Amino acid sequence: MEQILANGLYLGAQYALIALGLTLIFALMNVLNFAHGQMYVLGGFVTYTVYGQLGLPFFVALGCSALTLAVVGALIERFLFRPVLARSHREESSMLLAAGIAFFMDAVILLVFGEKQRGVPKIVGGVLNWDFRLIMPYDRILIGVLALLSIAAFILFMSYSRTGRALRAMAQDRVAAQLMGVDVDRYAMIGFALGAMLAGLVGGLLVTITGVNLGMGGPTSIKAFLMVMIGGAGVISGAIAGGFILGMMESVGLTLLSAYGDITYLVIFASLMVFLAIRPQGLMGKPWG
Amino acid sequence: MGTGLRIAGVLLFLAIVFLGVPWAIQASGRWDFYYTLTSVALLAIASAGVWLTFYIGRINIGQGAYALTGGYVSAILVMQAGWNFWLTLPVAGIFCALVSVLIGLPILRLRGVYFAMVTLVLTEVARLTALALPITNGAKGITSIPLPGEVSILGLTLIPAIDTFGDVKLAFYLVAAALMVIVFAGMYRLVNSRIGHLCRSLQQNEELASSIGVNITYLRIVAYAISSFLGGIAGAMFVAISQSIYPSSFTVVDSVNFMLNCFLGGLAYVFGPILGTLVLYFGWDLLFETGRFQLLIYSSVLILIIVLLPNGLLSVFERKRATAR
């Protein structure tokens, strides 16, 4: 039991961090970022290169991942999403762009890093063993704690900094924020960069545990969409809740349902559909986003 | 556009599809293009369904689920009940339409990204269900499905067996193209009918439409059922051509591609899905020779197109018309 809960928490912390970036981008721009999983993979590969190949300290690598993705995110917003959103008749057109960017990032990652599974040396060795009731390697615990710290830092940033306030105002009502003197173009870019940065950060954190490969992008995007849907699109607390709920469901489901074969995700998806049919806006979302 | 010009355009299109393409393939010797173009025709049919849901203002990323369902219905009926393929084709479509009514009743109340996400999840549900059910034979799928046989009534052959043609590839191409032409003729008729106008009112403002007496629930279900019907027959046809189906035959990527086909062609144009599918699928195939740069070139061109023409390829003509005025 303790084991299941600990696994769920550990998964949930990472999932929440991925979902945060996605929901932030959605809240600000109404863009469903299909490339979020690819951003995560890119972050993983940057950490792999800096920490695994060049041998620099892990935290430097993590910083590089975050910085790279922030720059990539800012450029994508400035030169791709902004012009397209300004000129298209229906804002759903941004989905085509997002998917195109996902393909493009896949292609770049394939050419630069190859299609092999990559891993890095462990950051700390050893395993926590509490009476055989709870067994968890120390590096997982460290990564879980780092993820929790990042979430806390993000919430503090959004709540108390000037930028965070501007971003929240934009998420609530873009026009009103603009009338109050918020430079929405600038903050949309900052927000997109921040969302991409979070994806890169998780990629960098997770590469130490699961490694990284090209194929992880798509499934990660789908999981991130799920979490955002559970919590409510564009709501920060909802994304965190969604992340932890999905992490727990996965952890509990894999234990309970393992006897019936590989149906954990079928059950999760089916129950999600029922849940959304009853409560379309998720746990905390505003109706119709 | 005048009526004469329009008829000429349609005739030209038909001539290209049924005469021009076979001639060009004959001349160039690229027989593999038949398979590519057959796929384009079938994917365009499925995309037409997605386009129709766009038309009522819903982003549908779940067409893969219905294509998969249609494929399995046809495969199971042919293999286990011994039905003729041509009979299973409409049955697969109708089965998908019925399923979509059941699923659509609750989920069509959702809008925007919420509907998009639920349909995306639906694709995964379909794949995982196909993996878990015994009748679909799990990950091994259903293979060596016979080619479509002949249909005859009282000894009169209505549709000859597909292998009596000298060239199976050509036969399949013609069948798929004919199906596509019929579907898009129907779509054009539908969009320019009373229901089409009502659908457009849903796209703009559901509350307003409802307030002036449009039965929005009924209309949404009808549009979604037609959409899923098209997905089902496209999937069934695909199975007949590839003679096999697996849970991974239609996945989230395919669902997303169906949606992209619509976007690329332009959401405001009935024939957008044909052009979008042709450019995306055929373009991908043509780039095969560039080897490992295939995806890079493909995605760069895709991004370039969407940045230059955010309202779809067919909006090129619109801009010309606007400047001419």
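Conventions adopted
Residues numbered from 1 in each chain as written. Chains lettered and ligands numbered in written order. Predicted model: local features only at pLDDT ≥ 70, side-chain atom pairs only at ≥ 80, totals over all residues. Heavy atoms only, no water. Helix = DSSP H or I, 4+ residues; strand = E, 2+ residues; numbered from the N terminus. Rg over C-alpha atoms; globule rule 2.2 N^0.38 Å. Buried < 20%, exposed > 50% of the residue type's maximum accessible area, 1.4 Å probe, protein only. Areas by Shrake-Rupley, 256 points an atom, 1.4 Å probe, with all protein chains shown as cover. Lys, Arg positive; Asp, Glu negative; His and termini not counted. Charge placed at Lys NZ, Arg CZ, Asp CG, Glu CD. Pairing = 2+ DSSP bridges. Salt bridge = Lys/Arg side-chain N within 4 Å of Asp/Glu carboxyl O. Patch = residues over 30% accessible without salt bridge, like charges linked within 9 Å, V, L, I, M, F, W, Y side chains within 5 Å. Phe/Tyr/Trp six-rings, centres within 6.5 Å; stacked < 30°, edge-to-face > 60°. Contact = heavy atoms within 4.5 Å. Buried area = accessible area lost by both parts, 1.4 Å probe.

1. Remarks on the overall build of chain B
Counting secondary structure elements, chain B contains 13 helices and two strands. The C-alpha radius of gyration computed for chain B amounts to 20 Å, which stays within 12% of the reference 20 Å derived for 325 residues, consistent with globular compactness. Expressed along its principal axes, the backbone C-alpha trace of chain B runs to roughly 55 × 50 × 50 Å. Across the 325 residues that make up chain B, the buried fraction comes to 51%. Just so you have it, chain B exposes about 14,400 Å², and 69% of that area is on carbon and sulfur atoms. Each charge sign in chain B was given a centre, from 17 positive and 11 negative side chains, and these centres are 13 Å apart.

2. Notes on the pairing of strand E1 (residues 127–130) of chain A
All names here are of chain A. Here E1 runs beside strand E2 (residues 134–137); their pairing, made up of four bridges, is antiparallel. Counted as the bridge partner of valine 127 is proline 137 from E2. Taking the residues between adjacent antiparallel strands as the criterion, E1 and E2 are bridged by three residues, where aspartate 131 takes a positive phi near 60°.

3. Details of the pattern of salt bridges
Residue and element names in this part refer to chain B. As enumerated under the stated definition, the model contains five salt bridges over all chains in all. Notably, a salt bridge pairs arginine 127 with glutamate 124, separated by 3.2 Å at the nearest N-O pair. Taken together, the residues span about one helical turn, with arginine 127 and glutamate 124 both in helix H5 (residues 112–132) at a distance of three residues. Given the relative accessible area of 23%, arginine 127 is considered partly exposed. The network of salt bridges with common partners includes Arg58, Glu206 and Arg220.

4. Topic: the environment of A:Ser221
Take A:Ser221: it is sitting in helix H9 (residues 217–231). Note: C-alpha distance between A:Ser221 and A:Ala152 (69 residues apart in sequence) is 23 Å.

5. A look at a nonpolar patch on the surface
Nonpolar side chains collect at one region of the surface, where A:Leu67, A:Val71, A:Leu75 and A:Phe79 lie side by side and expose about 420 Å² of accessible area between them. Secondary-structure assignment places A:Leu75 in helix H3 (residues 58–87).

6. A word on unusual backbone geometry
Residue and element names in this part refer to chain B. A positive phi angle is found at serine 144, which is not glycine, with a value near 40°. Look at serine 144 and you get exposed, because its relative accessible area is 61%. Notably, glutamine 243 is not glycine yet its phi reads approximately 55°, a positive angle. With respect to the secondary-structure elements, glutamine 243 resides in the loop between helix H9 (216–242) and helix H10 (252–265).

7. Section: the packing of aromatic side chains
All names here are of chain B. Evaluation of the coordinates by the stated rule reveals 19 aromatic pairs over all chains. With centroids separated by 5.5 Å and ring planes inclined at 45°, the aromatic side chains of tyrosine 34 and tyrosine 173 adopt a geometry described as tilted. Taken together, the positions of tyrosine 34 in helix H2 (residues 32–55) and tyrosine 173 in helix H6 (residues 168–191) put the pair 139 residues apart, joining distant regions of the chain. Across the pair, tyrosine 173 and tyrosine 34 agree in class, each one buried. For the pair tryptophan 284 and tyrosine 298, a centre-to-centre distance of 5.0 Å together with 70° between the ring planes defines the contact as edge-to-face. Placement of tryptophan 284 in helix H11 (residues 272–286) and of tyrosine 298 in helix H12 (residues 294–308) is noted, with a sequence separation of 14 residues between them. For tryptophan 284, a relative accessible area of 32% corresponds to the partly exposed category.

8. Looking at the interface of chain B and chain A
Every contact between the two is made by 48 residues of chain B and, on the other side, 44 residues of chain A. Summed over both partners, the interface of chain B with chain A buries about 4,100 Å², with 80% contributed by carbon and sulfur atoms. Together, B:Tyr114, B:Met117 and B:Ile303 form the three largest contributors to the area buried by chain B at its contact with chain A, with a combined 16%. Remark: the boundary between chain B and chain A carries zero salt bridges.

9. Re a positive patch on the surface
All names here are of chain A. A surface patch of positive charge is lined by Arg162, Arg165, Arg168 and Arg186. It is helix H6 (residues 162–172) that provides the largest number of residues to the positive patch, a total of three residues. Along the chain, arginine 162 turns up in helix H6. On the basis of relative accessibility, which here comes to 68%, the residue arginine 162 falls in the exposed class.

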